[in-house]
Structure formats: structure tokens, C-alpha cells
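Structural features, examined
The chain contents come next:
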Amino acid sequence: MNKKALITGINGQDGSYLAEFLLEKGYSVIGTVKRNSVAENQTARLDNIFNKIKLFYADMTDMASLMKVISENQPDEIYNLAAQSHVRISFDQPIYTTQVTGIGTLNLLEAVKTINKDIKIYQASSSEMFGNNIDPDGYQRETTPLCPVSPYGCAKVFSYNICRNYRNSYGMFISNGILFNHESPRRGSNFVTNKVVKEAVKIKLGLSNSLSLGNMEATRDWGHAKDYVKAMWLILQHKNPDDFVCSTGISHSVKDLVEYVFGELDLKWQDYIKIDKKYFRPEELKDLKGDSTKAKNILGWRVEYSFETMLDEMIEFWIKHYD
């Protein structure tokens, strides 16, 4: 009998790639989406698999809706990807971010504990939980102390810890994937990677003449979402619930990102970039670089995309889009 997976936030970047991956593995896939008045755009990332999955309306802040979906479908695995996931916006909406990204996880855990404690749960934890804490060798790993510098990071720390608490208290199979930044052509265009690529292509095609950014010195460990959804699945196939950092181990600055993308389009980035203070965070996160040795050794996880091949794919996507 095929396994059944429930993906919260299935219509996001990670949810769409994960759904495709699980379908290839022979899973039955169901997903939750939050009701949106603009329904035409809500499931755009799922267009190529829309008839192969089942979607249900639910909200992480509405425990009853989660219980209804879980009890009616009885999944074997749940991948909790739903969140208010934009870090900068979490400063503008800290209470909403905490309710969805933090308390929403607790709602899900309580629902599973009530309905069927044997369901395996993957929790999407984040490198943002580390804040500016970094080990002496320049990396962040499972043992690095958590010290978030944004409401989003704080909410993710709560989710991470409540998952560990439920795992230890109730014997539930709950694992955290501490994922570092991962991007793709499906990334929201208000996130810096896709924002840079999209606007650079528009500039190249004469559709735009400038790009406004914030802190260009911040460094991030950027990988491709396709690689990271494989890690999610591997984490739930491991015999024991555990916590794993997933990262490339290589960091680049926003300036590196800009230089590469504009360079690939034969543009001089200095002619188009403007610095706008509104894109700076009230408390900046300077450096992120992860050590995924544990995931590599225990799960056999490997990344296939490099920073450059990831951006090449994104550039190609936007060129085709505007052509």
C-alpha cells in the first residue's frame, strides 16, 4: 500500500517541489492551502501536478481545520512547511508571524497527538534560529546555540523546541530539518535571490532601469530547493527521529549574488543598484554558513546544485518568462 503524505503549505516553493518528489516515490499526496481571495494565483506552482494531488483548505492558526484534514485523510507522514516565511516582513507583522510560524506548529502537534501519535512529522526549522551565533570554525551546526535576531527566527526556535519536547514527552516521531537558505525559480520574487535575478533580466531586456537592495554585505549559504526537499524525505525515512542541519557549506554575500547575475547578463551592476534603507532589518543577521556533516554521514544526503547552477536556472527561467 502506498504511503500517504500531508504537506502543509503545499503551494509554496518547497511544498511544490516536495509534492513532485513524493509523487515520483509513489506516495499519495495531499496538501493544505490557506484560503486566498485571489484563487487563480494560489496554486500556480502546482499546475503540472494539480490533478495528481488533493488539496484542502486549512490554516495553521485554526486547529480544528488541521484536525479535520488529518482525521479524514490519516496520513503516514506530515511535512509542516506552512509559515509566514519572509524574515523582513516578520518585523512588520511579528504577532501574525508568531501565531502562524510558532503557535501553528503547536496546533499541528496537538492535532496529531490527539488523532494518531504514530504519524511521522517533519518540521521545517531554519538557519535563522542561529542568529549571529557561529562556531569558532565559521560554521553553524546542530550544536550551535540558538540566538535568533528576528520575530521569524524566534517563532522558529519555539517550533523547534516544542517539537523536541513533544518527541521526548510523548514518544512521537518528530524531526527537525534545520535548513539553510534554498532558492529556485519558484521562490517568491520578494526574496532577494529571485528579486535580483528577475530585475536583472528585466534590465537586460529594457523593461526596468534600476534595482533597490538593502545590506549587500550579508552572507548566506544558498542552495537549491530541489536538493533540500530530498533531505526532508530522508529525514523522515531515518529509523529514529532526530534533528539535522542541511546546507551547502559555502556562503556568498548579496554582493556576490549581484555580481554573478549581472555578469552573466553582461551588465555592469554598479550602474543599476540602489541601496534603500527600508530593506535593512532592524537587527541584521550577518553571516550564515552550515555544516551538514551529520546529514551527509547518517542520511547519505548530497547536494547536486551549486550556487552558480542554481542562479543559471533562475536566469534562464526569467528570460523565457519575459520572452
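For the structure given in this document, a descriptive report is provided here. Just so it is clear, the model here is predicted, and its values are computed rather than measured.

**Describing the overall build of the protein chain**
Assigned secondary structure in the protein chain consists of 11 helices and 13 strands. Taken over the C-alpha trace, the protein chain has a radius of gyration of 19 Å; the compact-globule value for 323 residues is 20 Å, and the two agree within 12%. Looking at the protein chain as a whole, 53% of its 323 residues are labelled buried. Here the protein chain has roughly 14300 Å² of accessible surface; of this, 48% comes from carbon and sulfur atoms. Side-chain charges in the protein chain split into 39 positive and 40 negative, and the spacing between the mean points of these groups amounts to 3 Å.

**Describing the pattern of salt bridges**
Within the structure shown, the criterion is met by 16 salt bridges. Its salt-bridge partner being Arg141, residue Asp135 comes within 2.8 Å of it at the nearest N-O pair. Pair check on accessibility: Asp135 and Arg141 agree, each one buried. Among the ionic pairs, Asp243 bridges to Arg164, the shortest N-O distance being 2.5 Å. Residue Asp243 is found in strand E11 (residues 243–246), and its partner Arg164 is found in helix H6 (residues 151–170); the two are separated by 79 residues along the sequence. Of the residues examined, Asp243 reaches a relative accessible area of 3% and is grouped as buried.

**Looking at the sheet that holds strand E2 (residues 28–33)**
Taken together, the 7 strands give an open sheet; going across it, the order is E3-E2-E1-E4-E5-E6-E11, and neighbouring strands pair in parallel fashion. Across the chains shown, the open sheet's two edge strands, defined by having one partner strand only, are strand E3 (54–57) and E11. Across the sheet, the mean angle from the axis of one strand to that of its neighbour is 20°, orientation sign disregarded. Pairing analysis gives 6 bridges linking strand E5 (residues 120–126) to strand E6 (residues 174–179), with the strands arranged parallel. Bridge pairing in E6 links Ser125 to Ile178. Contacts between helix H5 (residues 94–115) and the sheet are confined to strand E4 (77–80), E5 and E6, with E4 contributing the most and set at about 170° to the helix.

**Section: a negative patch on the surface**
On the surface, Glu264, Asp266, Glu308 and Asp312 cluster together to form a negatively charged patch. Relative to the elements of secondary structure, Asp266 occurs in the loop between helix H9 (254–264) and strand E13 (273–275).

**Quick look at the pairing of strand E1 (residues 4–8)**
Summarising burial for E1: 4 of the 5 residues are buried, a large majority. The β-α-β motif built from E1, the intervening helix H1 (residues 13–24) and the parallel element E2 has right-handed crossover chirality. Direction of pairing for E1 relative to E4: parallel, over a ladder of 4 bridges. Following the sheet pairing, Ile7 is matched in E4 by Tyr79.

**As for the nonpolar core**
Across soluble globular proteins, nonpolar side chains have a tendency to be buried as a group. The biggest cluster of nonpolar side chains holds 33 residues, and the ones touching the most others in it are Ile7, Leu22, Tyr79 and Tyr122. With 8 residues, helix H8 (residues 225–237) is the largest single contributor of residues to this core. Beyond its immediate chain neighbours, meaning those up to four positions away, Tyr79 contacts Ala5, Leu6, Ile7, Thr8, Leu18, Leu22, Tyr122, Met232, Trp233, Leu236 and Gln237. Judged by nonpolar contacts, the second largest core, of 25 residues, contains Ala200, Val258, Tyr260 and Trp269.

**Topic: H1**
Working note: α-helix, 3.6 residues per turn, so residues spaced by three or four point in the same direction. Here H1 spans 17 Å end to end across 12 residues, near enough to the 16 Å set by a 1.5 Å rise per residue. When you tally the buried positions in H1, you get 10 out of 12 residues, the bulk of the element. All buried positions along H1 are accounted for by Gln13, Asp14, Gly15, Ser16, Tyr17, Leu18, Ala19, Glu20, Phe21 and Leu22. Downstream of H1 by a residue or two, Gly26 has a phi angle that is positive, lying close to 90°.

**Remarks on the pairing of E5**
Counting buried positions along E5 gives 6 out of 7 residues, so the element sits mostly inside the fold. Pairing geometry for E4 and E5, over 4 bridges, is parallel. Directly across from Ile78, in E5, lies its bridge partner Ile121. Once you follow E5 into H6 and on to E6, the crossover reads as right-handed.

**A closer look at the packing of aromatic side chains**
Both the distance between ring centres and the angle between the ring planes are used here to describe each pair of aromatic rings. Evaluation of the coordinates by the stated rule reveals 9 aromatic pairs. Taking 5.0 Å as the distance between ring centres and 85° as the angle between the ring planes, the aromatic pair formed by Phe317 and Trp318 counts as edge-to-face. A connected cluster of aromatic rings, assembled from ring pairs, spans Phe317, Trp318 and Tyr322. The ring of Tyr170 carries the charged tip of Lys113 above its face, separated from the ring centre by 4.8 Å. Between the NZ or CZ atom of Lys277 and the centre of the ring of Phe280, over which it lies, the distance is 4.7 Å.

Conventions and cut-offs
- Residues numbered from 1 in each chain as written.
- Predicted model: local features only at pLDDT ≥ 70, side-chain atom pairs only at ≥ 80, totals over all residues.
- Heavy atoms only, no water.
- Helix = DSSP H or I, 4+ residues; strand = E, 2+ residues; numbered from the N terminus.
- Rg over C-alpha atoms; globule rule 2.2 N^0.38 Å.
- Buried < 20%, exposed > 50% of the residue type's maximum accessible area, 1.4 Å probe, protein only.
- Areas by Shrake-Rupley, 256 points an atom, 1.4 Å probe, with all protein chains shown as cover.
- Lys, Arg positive; Asp, Glu negative; His and termini not counted.
- Charge placed at Lys NZ, Arg CZ, Asp CG, Glu CD.
- Salt bridge = Lys/Arg side-chain N within 4 Å of Asp/Glu carboxyl O.
- Pairing = 2+ DSSP bridges.
- Axes fitted to C-alpha atoms, helices over the stretch in contact; angles between N-to-C directions.
- Contact = heavy atoms within 4.5 Å.
- Patch = residues over 30% accessible without salt bridge, like charges linked within 9 Å, V, L, I, M, F, W, Y side chains within 5 Å.
- Right-handed = clockwise from strand over helix to strand, strands pointing away.
- Core = buried A, V, L, I, M, F, W, Y, C linked by side-chain atoms within 4.5 Å.
- Expected span 1.5 Å × (residues − 1).
- Phe/Tyr/Trp six-rings, centres within 6.5 Å; stacked < 30°, edge-to-face > 60°.
- Lys NZ or Arg CZ within 6 Å of the ring centre and 35° of its normal.

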